Amino acid sequence: MERSLQRNAAVRTISNRAALVPLASLLLVAAPAGALSEFGIEGMHVVSTPASEVRASVSADGRRIIWGSSDRGGGPGGWDLWQATLRDGRWSEASPLPINSAANDFDPMFSADGRWLYFFSNRAGGFGGDDLYRAAVLADGTFGSTENLGAGVNGKGDEWAPTPSRDGRHLLFSSNGFGAHRHDLFVARWDGKAFAEPRPLPGVNTDADEFDAAWLDDGRALVFTRSTDVETRPVQLQLAQCDGTRYVGAKPLPLSFNSPDGWTLGPVIDWNKPGEMLVSGAAKAPRAGKLDIYRMRAPAATGKTGCVPE
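Below you will find a few notes about this structure.

So, how was this worked out
- Residues numbered from 1 in each chain as written.
- Predicted model: local features only at pLDDT ≥ 70, side-chain atom pairs only at ≥ 80, totals over all residues.
- Heavy atoms only, no water.
- Core = buried A, V, L, I, M, F, W, Y, C linked by side-chain atoms within 4.5 Å.
- Buried < 20%, exposed > 50% of the residue type's maximum accessible area, 1.4 Å probe, protein only.
- Helix = DSSP H or I, 4+ residues; strand = E, 2+ residues; numbered from the N terminus.
- Contact = heavy atoms within 4.5 Å.
- Pairing = 2+ DSSP bridges.
- Axes fitted to C-alpha atoms, helices over the stretch in contact; angles between N-to-C directions.
- Salt bridge = Lys/Arg side-chain N within 4 Å of Asp/Glu carboxyl O.
- Phe/Tyr/Trp six-rings, centres within 6.5 Å; stacked < 30°, edge-to-face > 60°.
- Lys NZ or Arg CZ within 6 Å of the ring centre and 35° of its normal.

**Quick notes on the nonpolar core**
(1) Moving on: Among the nonpolar cores identified, the biggest contains 23 residues, and Leu 132, Val 153, Leu 171 and Phe 173 are the most heavily contacted of them.
(2) Moving on: Of all elements in the fold, only strand 7 (116-121), strand 8 (131-137), strand 10 (159-164), strand 11 (170-175) and strand 12 (184-190) reach the threshold of two or more residues within this core.
(3) Moving on: Sorting elements by how many residues they give to this core places strand 7 first, with 3 residues.
(4) Moving on: The contact partners of Leu 171, leaving out residues within four places of it in the chain, are Tyr 118, Leu 132, Leu 149, Pro 162, Thr 163, Pro 164, Phe 186, Val 187, Ala 188, Phe 195 and Trp 215.

**Observations regarding the sheet that holds strand 1 (residues 39-41)**
(1) Moving on: Read across the open sheet, the 4 strands follow the order 1-20-19-18; overall the sheet is antiparallel. Two strands bound the open sheet, and with one partner strand each, they are strand 1 and strand 18 (265-270). For this sheet the average axis-to-axis angle between neighbouring strands, irrespective of direction, equals 25°.
(2) Moving on: Alignment of strand 19 (residues 273-281) against strand 20 (residues 292-297), held across 6 bridges, turns out to be antiparallel. Residue pairing for strand 20: Val 279 is matched across the bridge by Tyr 294.

**Some remarks on the pattern of salt bridges**
(1) Moving on: According to the stated counting rule, one finds 15 salt bridges in the structure shown.
(2) Moving on: Among the ionic pairs, Lys 290 bridges to Asp 71, the shortest N-O distance being 2.9 Å. Linking Lys 290 in the loop between strand 19 and strand 20 with Asp 71 in the loop between strand 3 (64-69) and strand 4 (80-87), this pair joins segments that are 219 residues apart in sequence.
(3) Moving on: Here Arg 189 and Glu 197 are joined by a salt bridge, their closest N and O atoms 3.2 Å apart.
(4) Moving on: According to the relative accessible area criterion, Arg 189 is partly exposed, its value standing at 29%.
(5) Moving on: Salt bridges sharing common partners tie together Glu 42, Asp 270, Glu 276 and Arg 295.

**Some points on the environment of Gly 77**
(1) Moving on: Mapped onto the elements, Gly 77 comes out in the loop between strand 3 and strand 4.
(2) Moving on: Sequence spacing of Gly 77 and Ala 103 is 26 residues, and the spatial spacing of their C-alpha atoms is 5.2 Å.

**Quick look at the packing of aromatic side chains**
(1) Moving on: In this structure the tally under the stated criterion is 12 aromatic pairs.
(2) Moving on: Ring centres of Phe 106 and Phe 120 lie 6.1 Å apart, and the angle between their planes is 55°; this geometry places the pair in the tilted category. Highlighted residues: Phe 106 in strand 6 (residues 105-110) and Phe 120 in strand 7, separated in sequence by 14 residues.
(3) Moving on: Ring centres of Phe 119 and Tyr 133 lie 5.9 Å apart, and the angle between their planes is 20°; on these two criteria the pair is classed as stacked. With Phe 119 in strand 7 and Tyr 133 in strand 8, the pair connects residues that are 14 residues apart, well separated along the chain. Each of the two residues, Phe 119 as well as Tyr 133, counts as buried.
(4) Moving on: Just above the ring of Trp 82 sits the side chain of Arg 72; from NZ or CZ to the centre is 4.6 Å.
(5) Moving on: Here Arg 134 stacks its cationic end above the ring of Trp 116, 3.5 Å away from the centre of that ring.

**Re unusual backbone geometry**
What you tend to see is this: most non-glycine residues have negative phi, and most peptide bonds are trans.
(1) Moving on: Of note, the bond from Ala 285 into Pro 286 is cis; its omega dihedral lies within 30 degrees of zero at -5°.
(2) Moving on: When you line up the elements, Pro 286 lands in the loop between strand 19 and strand 20.
(3) Moving on: Notably, Arg 55 is not glycine yet its phi reads approximately 60°, a positive angle.
(4) Moving on: Inspection of the secondary structure assignment puts Arg 55 in strand 2 (residues 53-58).

Next up, the structure:
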């Protein structure tokens with residue numbers, strides 16, 4: 001629970017500091033996907049608003065986007081999951097998800113097959129702190145009941161950013177309860193009943209906080225977030241390639257607003273357009289609020305296979 005409170009403080013800090021930067025013209029909107037230059041803002045006024053919007057995921061059919069917001073009014077809790085639907089090529093009808101609780105619900109991600117929505121929550125009944133959950137996505141687009149992913153991936157600490165692999169056999173996530181450092185990245189495998197046996201992601205974890213990660217090209221490369229202290233220090237996206245056994249050569253993701261003193265996080269590959277990636281941050285322009293959702297081309301995966309433990 002302590003680290004959950006720390007992340008609350010961290011996002012508030014990110015939001016407050018980002019709000020000090022002058023807002024760009026709200027007339028700017030995202031470039032069409034086929035015309036992406038460096039990046040474009042996602043869903044101006046609908047997805048990206050004056051609030052803080054973090055970690056968005058698009059469904060495999062491209063018709064729905066779900067994201068987390070820490071301060072957008074209208075949901076039952078302080079941190080809630082929001083969704084919008086595609087209408088005439090634009091996101092519209094933003095609304096909180098019915099699976100939200102009065103606690104924190106955050107870090108959503110669809111499975112590649114569209115059957116599940118993964119997220120974290122500190123709702124009652126978990127194993128401690130922030131736990132990983134999922135809810136079934138039903139044929140009519142509604143959601144089934146939420147289920148805790150169990151003791152195989154949930155400990156007494158905080159687990160964040162559940163990221164299922166494209167084939168559903170592995171789950172990438174971060175935790176401060178399974179490793180020797182602060183927040184580290186782990187990967188668990190599906191054993192037929194649950195995700196279990198989390199192992200540290202090779203080559204990535206340090207004494208800093210590593211969290212919010214996305215696999216590129218089934219694990220040949222990795223984009224992840226690193227901060228020397230997620231509670232008080234800036235966060236920056238890193239890009240690393242797999243050398244066949246571990247991720248190496250981590251360097252800041254080449255994105256103009258991914259600066260050493262900024263706050264850029266929440267990378268997620270768009271299952272509907274796997275050559276594109278969504279991130280959260282605060283560009284100078286276009287700009288809607290504190291933290292916005294941006295779309296960019298996914299960086300090239302030039303590494304090898306072998307970094308996703310079997």
